[in-house]
Amino acid sequence: MKRICILALLMFSTSHAGTLDSVKKNGKLKCGVSTGLAGFSSPDSKGVWRGLDVDFCRAISAAIFGTPDKVQYVSLNAQQRFTALQSGEIDVLSRNTTFNLTRDTVVGINFAPTTFYDGQGFMMRKKDGVTSAKELDGASVCTQQGTTNELNMADFFRTNKMKFKPVVFESNEEVNQAFFKGRCDALTSDKSGLASERTKLKNPQDYVILPEVISKEPLAPAVRHGDDQWFDIVKWVIYSVIEAEELGLSSKNIDTFMKTTNPAIRKFIGLSEGNGRALGLSENWAYNVVKNVGNYEEIFTRHVGNDSPLKLDRGLNRLWKNGGILYAPPVR
Amino acid sequence: MEKWWDSVRSSGTLILMNKRFIIKLLLFLAVVGLLITPIYFLTKNIEQQNISTGFHFLSQEAGFELSESIVDYNSFMSYGRALWAGVINTLYVAIIGNTLALVLGVLLGVFSLSKNFLLSKFCYLYLNFFRNIPLLLQLFFWYGIFTDVMPAVKRATPFMGIIFSNRGINYPWFSHPGAIAVILSSIAVSFCLVYLVKQWAQKTSLRLKIAPLIFLFLLVEIAQIELILRFFPLEYPAVRGFNVSGGSSLSPELISLLLGLVLYTGAFIGEIVRAGILAVDNGQWEAAYALGMTKIQTLKKIILPQSFRVALPPMTAQFLNLTKNSSLAVAIGYPDFVSVANTTMNQTGQAVELVLLIMVLYLVTSLSVSSVANMINSKILGVAKR
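Just so it is clear, the model here is predicted, and its values are computed rather than measured.

Novice: So what's going on with the pattern of salt bridges? Residues and values would help.
Specialist: If charged atoms from side chains of opposite charge come close, those side chains can pair. All names here are of chain A. Inspection of the entire model under this criterion finds 16 salt bridges over all chains. A salt bridge links Arg-302 to Asp-55; the shortest N-O distance between them is 2.7 Å. Taken together, the residues Arg-302 in helix α13 (residues 296-303) and Asp-55 in helix α3 (residues 52-65) connect sequence positions 247 residues apart. Between Glu-197 and Lys-200 there is a salt bridge; the shortest N-O distance is 3.2 Å.

Novice: Before we move on, could you go through the sheet that holds strand β2 (residues 168-171) of chain B and cite the residues and values that matter?
Specialist: Through backbone hydrogen bonds, the strands of a sheet pair up, either in parallel or in antiparallel fashion. Residue and element names in this part refer to chain B. Strand order in the open sheet formed by three strands is β1-β2-β7, with antiparallel pairing between adjacent strands. Two strands in the sheet have a free side with no partner beyond their single neighbour: β1 (163-165) and β7 (248-250). On average, adjacent strands in this sheet sit at an angle of 15 degrees to one another, irrespective of strand direction. Pairing of β1 with β2 involves three bridges; the strand directions are antiparallel. By the bridge assignment for β2, Phe-164 is matched with Ile-169.

Novice: Run through the domain arrangement of chain A, naming residues and quoting values.
Specialist: All names here are of chain A. Along its sequence, chain A is carved into domain 1 (2-117 + 219-322) and domain 2 (120-215). Centre-to-centre separation of domain 1 and domain 2, based on C-alpha positions: 29 Å. Counting the surface lost from both domain 1 and domain 2, the interface buries some 1200 Å², and carbon and sulfur atoms represent 52% of this. Looking at the side of domain 1 facing domain 2, the largest losses of area belong to Leu-37, Ala-78 and Gln-79, adding up to 29% of the total buried there.

Novice: Could you give me a rundown of helix α5 (residues 179-203) of chain B, with the residues and numbers involved?
Specialist: Along its 25 residues, α5 of chain B runs 36 Å from first to last C-alpha, staying within 8% of the 36 Å computed at 1.5 Å per residue. Among the residues of α5 of chain B, those classed as buried are Ala-179, Ile-183, Ser-186, Ser-190, Val-194 and Ala-201 of chain B.

Novice: Let's hear about the sheet that holds strand β11 (residues 186-190) of chain A: which residues, and what values?
Specialist: Residue and element names in this part refer to chain A. Strand order in the open sheet formed by five strands is β10-β9-β11-β8-β12, and the pairing between neighbours is mixed. For this open sheet the edge positions go to β10 (164-169) and β12 (207-209), each flanked by a neighbour on one side alone. If you compare each strand with its neighbour and ignore which way they point, the axes differ by 30 degrees on average. In terms of strand pairing, strand β9 (residues 139-144) meets β11 through two bridges, oriented parallel. Counterpart to Cys-142 in the pairing with β11 is Leu-187. Across the sheet, helix α7 (residues 172-180) is in contact with β8 (120-125), β9, β10, β11 and β12; its angle to β9 comes to roughly 160 degrees.

Novice: Give me the lowdown on the state of the cysteines, citing residues and values where you can.
Specialist: A covalent bond between the sulfur atoms of two cysteines is what we call a disulfide. All names here are of chain A. The full count for this structure, using the stated rule, is two disulfides over all chains. With a sulfur-sulfur separation of 1.8 Å, Cys-31 is cross-linked through a disulfide to Cys-57. Negative torsions about the S-S bond denote left-handed disulfides, and the value of about -45 degrees found for Cys-31 with Cys-57 makes this one left-handed. In this pair, Cys-31 sits in strand β1 (residues 29-33) while Cys-57 sits in helix α3, placing the two residues 26 residues apart along the sequence.

Novice: Got a sec to walk through the interface of chain B and chain A? Specific residues and values, please.
Specialist: Contact with chain B, which involves 46 residues of that partner, is made by 54 residues of chain A. Note on chain B versus chain A: buried area summed over both sides is about 4200 Å², and carbon and sulfur give 53% of it. The three residues of chain B that bury the most area against chain A are Gln-49, Phe-242 and Asn-346 of chain B, which together make up 18% of that side's buried surface. Summed over the shared surface of chain B and chain A, the number is four salt bridges. Between Arg-167 of chain B and Asp-185 of chain A there is a salt bridge, with its nearest N and O atoms 2.9 Å apart. Linking chain B with chain A are 16 residue pairs in polar contact (both at pLDDT 80 or more), by the criterion used here. The biggest single contributor to the side of chain B that touches chain A is helix α11 (residues 337-348) of chain B, with eight residues. Class assignment for the residues of the side of chain B that touches chain A results in 21 nonpolar, 19 polar and six charged.

Novice: Outline empty space enclosed by the protein, supporting the account with residue identities and numerical values.
Specialist: Residues and elements named next belong to chain A. Tallied over the entire structure, the rule returns four cavities of 30 Å³ or more. Looking at the largest cavity, it is lined by 28 residues, and the ones nearest its centre are Asn-96, Gln-144, Thr-147, Asn-149 and Ser-189. For the lining of the largest cavity, the elements supplying multiple residues, two or more each, are β9, α6 (148-159), α7, β11, α8 (191-199) and β13 (217-219).

Novice: Describe the layout of surface pockets, naming the residues involved and giving the relevant values.
Specialist: Roughly 1500 Å³ of volume is contained in the largest pocket. What lines the largest pocket is a set of 45 residues, among which Lys-165 of chain A together with Ser-67, Glu-68, Ser-69 and Ser-249 of chain B lie closest to the centre. Going through the elements one at a time, α6 and β10 of chain A together with α2 (79-112), β2, β6 (243-245), β7 and α7 (252-279) of chain B are the ones with two or more residues in the lining of the largest pocket. For the lining of the largest pocket, a count of residues per class yields 18 nonpolar, 16 polar and eleven charged.

Novice: Outline the side chain of Thr-148 of chain A, listing residues and values.
Specialist: Residues and elements named next belong to chain A. Among the structural elements, Thr-148 can be located in helix α6. What makes Thr-148 buried here is its relative accessible area of 7%. At 3.0 Å, the side chain of Thr-148 forms a polar contact with the side chain of Glu-217. When near neighbours in sequence (up to four residues on either side) are disregarded, Thr-148 contacts Thr-98, Asn-100, Arg-103, Gln-120 and Glu-217.

Novice: Help me get a handle on the side chain of Asn-149 of chain A, residues and values and all.
Specialist: Within the secondary structure, Asn-149 of chain A sits in helix α6. If we skip the residues at most four places from it in the chain, Asn-149 of chain A touches Gln-120, Thr-143, Ser-189, Asp-190 and Glu-217 of chain A.

Novice: Summarise the nonpolar core; cite the residues concerned and give the values.
Specialist: Across soluble globular proteins, nonpolar side chains show a tendency to be buried alongside one another. In terms of nonpolar packing, the biggest core is built from 57 residues, with Phe-116, Trp-230, Leu-249 and Trp-285 of chain A touching the most fellow members. Among the secondary structure elements, those contributing two or more residues to this core are α2 (19-26), β1, α3, α9 (228-247), α10 (263-269), α12 (285-292) and α13 of chain A. Here this core gets ten residues from one element, more than from any other, and that element is α9 of chain A. When neighbours within four sequence positions are excluded, Trp-285 of chain A is seen to be in contact with Ala-63, Trp-236, Val-237, Ser-240, Asn-275, Gly-276, Leu-279 and Val-331 of chain A. Counting 37 residues, the second-largest nonpolar core is a separate cluster that includes Met-123 and Cys-142 of chain A together with Val-93 and Leu-261 of chain B.

Novice: Give a detailed account of the packing of aromatic side chains, specifying residues and quantitative values.
Specialist: All names here are of chain A. By the definition in use, this model includes 27 aromatic pairs over all chains. Residues Phe-116 and Phe-300 carry aromatic rings whose centres are separated by 5.9 Å and whose planes lie at 10 degrees to one another, so their mutual orientation is stacked. With Phe-116 in strand β7 (residues 116-118) and Phe-300 in helix α13, this residue pair connects regions lying 184 residues apart in the sequence. An identical accessibility class is assigned to Phe-116 and Phe-300; each is buried. Linked through ring pairs, Phe-40, Phe-116, Tyr-296 and Phe-300 together constitute an aromatic cluster.

Here is what the cut-offs are and how they apply
Residues numbered from 1 in each chain as written. Chains lettered and ligands numbered in written order. Predicted model: local features only at pLDDT ≥ 70, side-chain atom pairs only at ≥ 80, totals over all residues. Heavy atoms only, no water. Salt bridge = Lys/Arg side-chain N within 4 Å of Asp/Glu carboxyl O. Helix = DSSP H or I, 4+ residues; strand = E, 2+ residues; numbered from the N terminus. Pairing = 2+ DSSP bridges. Axes fitted to C-alpha atoms, helices over the stretch in contact; angles between N-to-C directions. Domains from an automatic or database assignment. Buried area = accessible area lost by both parts, 1.4 Å probe. Expected span 1.5 Å × (residues − 1). Buried < 20%, exposed > 50% of the residue type's maximum accessible area, 1.4 Å probe, protein only. Contact = heavy atoms within 4.5 Å. Disulfide = S-S within 2.5 Å. Polar contact = N/O pair within 3.5 Å; in protein donor to acceptor, adjacent residues only side chain to side chain. Nonpolar A, V, L, I, M, F, W, Y, C, P; charged D, E, K, R; others polar. 1 Å grid on protein atoms, 1.4 Å probe; cavity = no way out; pocket = protein on both sides within 12 Å on 5 of 7 lines; lining within 4 Å. Points joined across faces, edges and corners; volume = space filled by probe spheres on them. Core = buried A, V, L, I, M, F, W, Y, C linked by side-chain atoms within 4.5 Å. Phe/Tyr/Trp six-rings, centres within 6.5 Å; stacked < 30°, edge-to-face > 60°.

If you want it as structure tokens, here you go:
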């Protein structure tokens, strides 16, 4: 039913150019998030959405409105996300979505820079005694419908000449229930997602995540084709978060830089003008982003790093200077 | 004088016709406009966003596996093939489900009118219970039976060679693929034999009782089964590695989908059958009894055929309901057409095309089922008129 509604929206929604104007007019950003993935986007006990993906929505809101709270979250499953974006039901999709060629072209969306470099893995019950994904011959594997995980899984078993039985569900909840109740031997998803699901359990120590990473999963926010200005804004908000970490700016110390002579920082926080006008935003947009949401390190640590139950290692998601692959072009 | 009147009358009708014609034309244009406007906006929006259109994706490699398929399928094959496998899976559920639901429904309908207090009350309770709980909930319940109640596959013990576990029901089956054809043909042969014996007995006016005939038939069957098992041994399922292998199996998804659909739709069909029986005039019962027919004979020969006439149209609707409800399979992971189409939609981004395909498939199945039912219906009505 929801699918039909979205299709109907696609029929009747008119031109999409001018997303920035319509966001300003509505006074809120419509941001597509997951149906609940701890650390990335899930509502807390008070019903407030939190997570790494959510923080990028907040950052965009801060860049446009000066405050991070003008966001309306639309919770979408894997299967609805692209149609929701195409039809204009949301302005930006920030929902642990893998960047790949098909989606970037024929699906009609543009991917902003990657906000989290991930890879697909397998989670097993510890008592099965499996230590490598190469031992999974004949296993039943649960995964969510319409994800890149579904394809990678088939490729992995095919290349390793192993048999498997996929069990796929439309909703993520169903997938996890089926695995934890024993319908499947393994659960496959992005490794961060597996870690996130494990934290929800009463007995996380009974489950292991196998060491193999079977795919590249660059998770990136996305916007629809046909509005370059909006694409630029989303892109540079993400870059500004990464650049802030590189410049040593954080939500706590950014106010101490108001009299700085460092030209890169002056340009970044809008003391010397130009960036804002180029993007169609106020000159202090990047200041607002960092002041209200923080730099990449703060966001990471808060939601998926050491300050969170997930305790993920930064790995590839370190700055290029520190051995990772996060690299922002100059914000000038 | 007459001519003058005529011309006025005819021109009057002409004007009237014209008025009607103009209204009709306007209505027609409005409807066409209503149909065309969304299509116009749709194509414009799609073009603007550079979303690709067309059905050429159908020949691309699908790259995903299906958990079960009746036709041969693997991830090397095309999206078209995957969707075809989904169509067959849907039809499979629809055919088995509708047959079982019909049997269950007739039994429920007949028994709910039984004089036996326990039986009729049970049927009454059943009908009201299953009709009033949402189907999706029932599906989750039956699926839950497998995931929560059935033993884990490694702890499952065979019962008469059958393994019940949270991976489904695995039962012994012939390892040779040709075995089924041999069995079916041998059963057909033995039926022919029995028929010939009966014919011969009638010709020679030998009075054979039915009991020895059945006995003879069973004897032949047992000998046949022995022989077949000698040549095509049964393969027993056993737990190997992660899962059960050997024999044949029914997945938890298929069983819970069928259970849910059959028990739910069966209740509706039961109500329809009951109404159909009640619609037959009481005089028919009395007349049949007066002829000395037993109750079962009356039901079989007089009442059910007549009630069928009343029951067929609403029953057709129930068959269609079951077929369409089978798309709830997505919720419990059975790869029916909608489920495969959903996956394809997400991997290719061709939402419009796939929603169109889904609509066409259900339209075609619904129309063909109802046209068959209409044919039967008109035949029955024709017989009744005669």
